[in-house]
Amino acid sequence: MSSFDISVILDALPFLAKGLGLSLGLTAVAMIGGLVLGLVIAIVRLSRFRVLAMLAALYVNGFRAVPLILVIFWFYFLVPLLLGRPVGALYSVLIAFVMFEGAYYSEILRAGLKSVRPGQWQAAQASGLTYLQTVRLVVLPQALRKMAPLMVTQGVVLFQDTSLVYVVSLHDFMTSASIIANTQNRIVELYVFAALVYFALCTAGSALAQRLSSDRQRAH
Amino acid sequence: MPPVTHSPATRDSVNDMVEMIRIEGLSKSYGDVPVLRDCSLGVTRGEVVVICGPSGSGKSTFVKCINGIEPVQAGRIVIDGEDLPSKPAAAARIRSRVGMVFQHFELYPHLTVLENICLAQIHVLKRSHNEAVEKARSLLRRVGLADKEAAYPAQLSGGQQQRIAIVRALAMDPVAMLFDEPTSALDPEMIGEVLAVMLELAREGMTMVVVTHEMGFAKAAADRVVFMDRGEIVEVAETARFFAEPASERARLFLSRILAH
């Protein structure tokens, strides 16, 4: 390996940017989809409907008991078998990530909802608000505020996990970097660059989480 | 009922006929532990009833059952002629007609004072934003907190928070107000300002059920006193008589302890 050649990175930038776009896009979809799904699961788990709550718990524990890579495989290989037609790599990965993150976000949101004092529920219900109004107007805003740092941290982990999509031949940022590294035989340059990009983005995410958490402390 | 000699509040004798709250045979238990046993009570319009008793006697639970935020196993609750449904969702509309004030205020910490007072007005009573704000401001002026409408609860003292909690309940134009130990969480120097607001409400003829240890408030404002012990209503007496000659041994014991200091 000769001297550090930055031009190989510059030449590959469009290709790498496309990979980064997939990683960030997948992170965004999985975060938003996972939050929505996680919220539904959390509310069901805390509701009075025992059977539904148990099913929701089963879902969460099931997804948290298996590695993400296995979930990706399931949706890529098994779901097409069930449906009788291929789903496509991107869609299977999107679904797998949303369902997987939904399990994790539901636990964060459930902890957040439970951390709101029972008196808040009682006060809201005493004023005639319905259960769903109470969740939406009184409890959830408080829970989200408390949980914002954790949710951002989970997003950082999620962003790193998007590198797993190489198993279904999708080109995320990490996969793109490793393709260039191997085809150009510039392993050091590409892997140093990839590490720097991950480091920068994840540090920014952690800093945001830190700030949200100190904002919260100031507010109380 | 004989005329109430010690109560400063003058009541319209016609109103005494109208029953605002009727509770019949209320029973509740947590698992095997009974917390309320066969409690019955009627409260007429404009009446102020104070509920007292040793801690753990079930009085807080009882008052929370009146508007259905604590589920009960047996019994019937009638508010202004309407049966409170046992299903919590169906009870929401009737619940909105009974104001509730809690020991720990329970203002919503993520909302300003004004938003706290407007929330249920807008989402339950479907009042317009302007209507709700106007109502909130006029009530805030009455309790002397007009300058606090933009503050968040955490920026206010306990006494201020509790007065705002009372305003939040009053903004719904309730037919009755329930108070669950409204001064127990307050520093001593703030109890007076909250009791003053409650006393004024009582004088204006609000129907009130108040769980409290403030016997001074009971003497000044209550028409009747309910004494509870171990989940039972032991005694219901007209205020002056309750303090002068309580009928039950348990009430006598309780009074001797609480009035000793």
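What counts and how
- Residues numbered from 1 in each chain as written.
- Chains lettered and ligands numbered in written order.
- Predicted model: local features only at pLDDT ≥ 70, side-chain atom pairs only at ≥ 80, totals over all residues.
- Heavy atoms only, no water.
- Core = buried A, V, L, I, M, F, W, Y, C linked by side-chain atoms within 4.5 Å.
- Buried < 20%, exposed > 50% of the residue type's maximum accessible area, 1.4 Å probe, protein only.
- Helix = DSSP H or I, 4+ residues; strand = E, 2+ residues; numbered from the N terminus.
- Contact = heavy atoms within 4.5 Å.
- Polar contact = N/O pair within 3.5 Å; in protein donor to acceptor, adjacent residues only side chain to side chain.
- Phe/Tyr/Trp six-rings, centres within 6.5 Å; stacked < 30°, edge-to-face > 60°.
- Axes fitted to C-alpha atoms, helices over the stretch in contact; angles between N-to-C directions.
- Parallel < 35°, antiparallel > 145°, perpendicular 65-115°, else oblique.
- Left-handed = near helix turned anticlockwise from the far one by under 90°.
- Nonpolar A, V, L, I, M, F, W, Y, C, P; charged D, E, K, R; others polar.
- 1 Å grid on protein atoms, 1.4 Å probe; cavity = no way out; pocket = protein on both sides within 12 Å on 5 of 7 lines; lining within 4 Å.
- Points joined across faces, edges and corners; volume = space filled by probe spheres on them.

Novice: Before we move on, could you go through the nonpolar core and cite the residues and values that matter?
Specialist: Within soluble globular proteins, side chains that are nonpolar tend to cluster in buried spots. Of all hydrophobic cores here, the largest spans 56 residues; its most connected members are I21, F62 and I66 of chain B. Ranked by the residues each element gives to this core, the list is headed by helix 6 (residues 131-161) of chain A, at eight residues. In this structure, I21 of chain B is in contact with L41, G42, V43, I66, V78, I79, A176, L178 and V209 of chain B, ignoring residues within four places of it in sequence. In terms of nonpolar packing, the next biggest core, distinct from the first, is built from 55 residues, V101, A165, L186 and M190 of chain B among them.

Novice: Tell me about the side chain of T134 of chain A, and name the residues and values.
Specialist: Residue and element names in this part refer to chain A. Locating T134 in the fold gives a position in helix 6. A relative accessible area of 0% places T134 in the buried class. Within the structure, the side chain of T134 is placed 2.8 Å from the backbone oxygen of T130, a separation counted as a polar contact. Not counting chain neighbours up to four residues away, the residues in contact with T134 comprise W121, A124, Q125, L129 and V139.

Novice: Tell me what's going on with the packing of aromatic side chains, and back it up with residues and numbers.
Specialist: Residues and elements named next belong to chain A. Tallied over the entire structure, the rule returns twelve aromatic pairs over all chains. Where W121 meets Y131, the ring centres are 5.8 Å apart and the plane angle is 25 degrees; that geometry is what we call stacked. Of the two residues, W121 sits in helix 5 (residues 118-126) while Y131 sits in helix 6, which places them ten residues apart along the sequence. Accessibility expressed as a relative area gives 17% for W121, which makes it buried. Of the residues examined, Y131 reaches a relative accessible area of 26% and is grouped as partly exposed. An aromatic cluster is defined as three or more aromatic residues linked by ring pairs; in this entry it consists of F159, F173, F193 and Y198.

Novice: Mind laying out the packing of helix 3 (residues 113-123) of chain B against helix 4 (residues 129-142) of chain B, listing which residues take part and the relevant values?
Specialist: Pairs of packed helices are described in terms of their axes, by the angle between the two and the distance that separates them. All names here are of chain B. Their axes nearest at 9 Å, the elements helix 3 and helix 4 cross at an angle of 130 degrees. One finds that helix 3 runs oblique with respect to helix 4. Once helix 3 is placed against helix 4, the crossing between them reads as right-handed. Residues V113, L114, I117, C118, Q121 and I122 of helix 3 pack against H129, E131, A132, V133, K135, A136, R137 and L140 of helix 4. Tallied by class, the residues present in the contact of helix 3 with helix 4 amount to nine nonpolar, two polar and three charged.

Novice: Give me the lowdown on the packing of helix 3 (residues 68-83) of chain A against helix 4 (residues 89-115) of chain A, citing residues and values where you can.
Specialist: All names here are of chain A. Two elements in contact, helix 3 and helix 4, have axes separated by 8 Å at closest approach and are oriented at 135 degrees. Classified by the interaxial angle, the pair formed by helix 3 and helix 4 is oblique. The hand of the helix 3/helix 4 crossing is right-handed. Taken together, the residues of helix 4 that come into contact with helix 3 (itself represented by L68, V71, I72, F75 and Y76) are A89, S92, V93, I95, A96, F97, M99 and F100. A breakdown of the residues in the contact of helix 3 with helix 4 according to their chemical character gives twelve nonpolar, one polar and no charged.

Novice: Go over empty space enclosed by the protein, please, and point to the residues and values.
Specialist: The final tally for this structure, using the stated rule, is one cavity of 30 Å³ or more. For the largest cavity, the calculated volume is near 110 Å³. Looking at the largest cavity, the residues that line it are A123, A126 and S127 of chain A together with S96, V98, G99, M100, F102, A120, R168, A169 and M172 of chain B. Of all the elements in the fold, those that place two or more residues in the lining of the largest cavity are helix 5 of chain A together with strand 6 (98-101) and helix 5 (158-170) of chain B. Among the elements that line the lining of the largest cavity, the one with the most residues is strand 6 of chain B, at three residues. Residue composition of the lining of the largest cavity, grouped by class: eight nonpolar, three polar and one charged.

Novice: How would you summarise unusual backbone geometry if you had to cite specific residues and measurements?
Specialist: What you tend to see is this: most non-glycine residues have negative phi, and most peptide bonds are trans. Residues and elements named next belong to chain B. At D38, a residue that is not glycine, the phi angle is positive and equals roughly 45 degrees. Inspection of the secondary structure puts D38 in strand 2 (residues 33-44). A residue is classified by how much of its surface remains accessible, and D38, at 57% relative accessible area, is exposed. Positioned with a positive phi, K126 is a non-glycine residue whose angle comes to about 60 degrees. For K126, the position within the fold is in the loop between helix 3 and helix 4.

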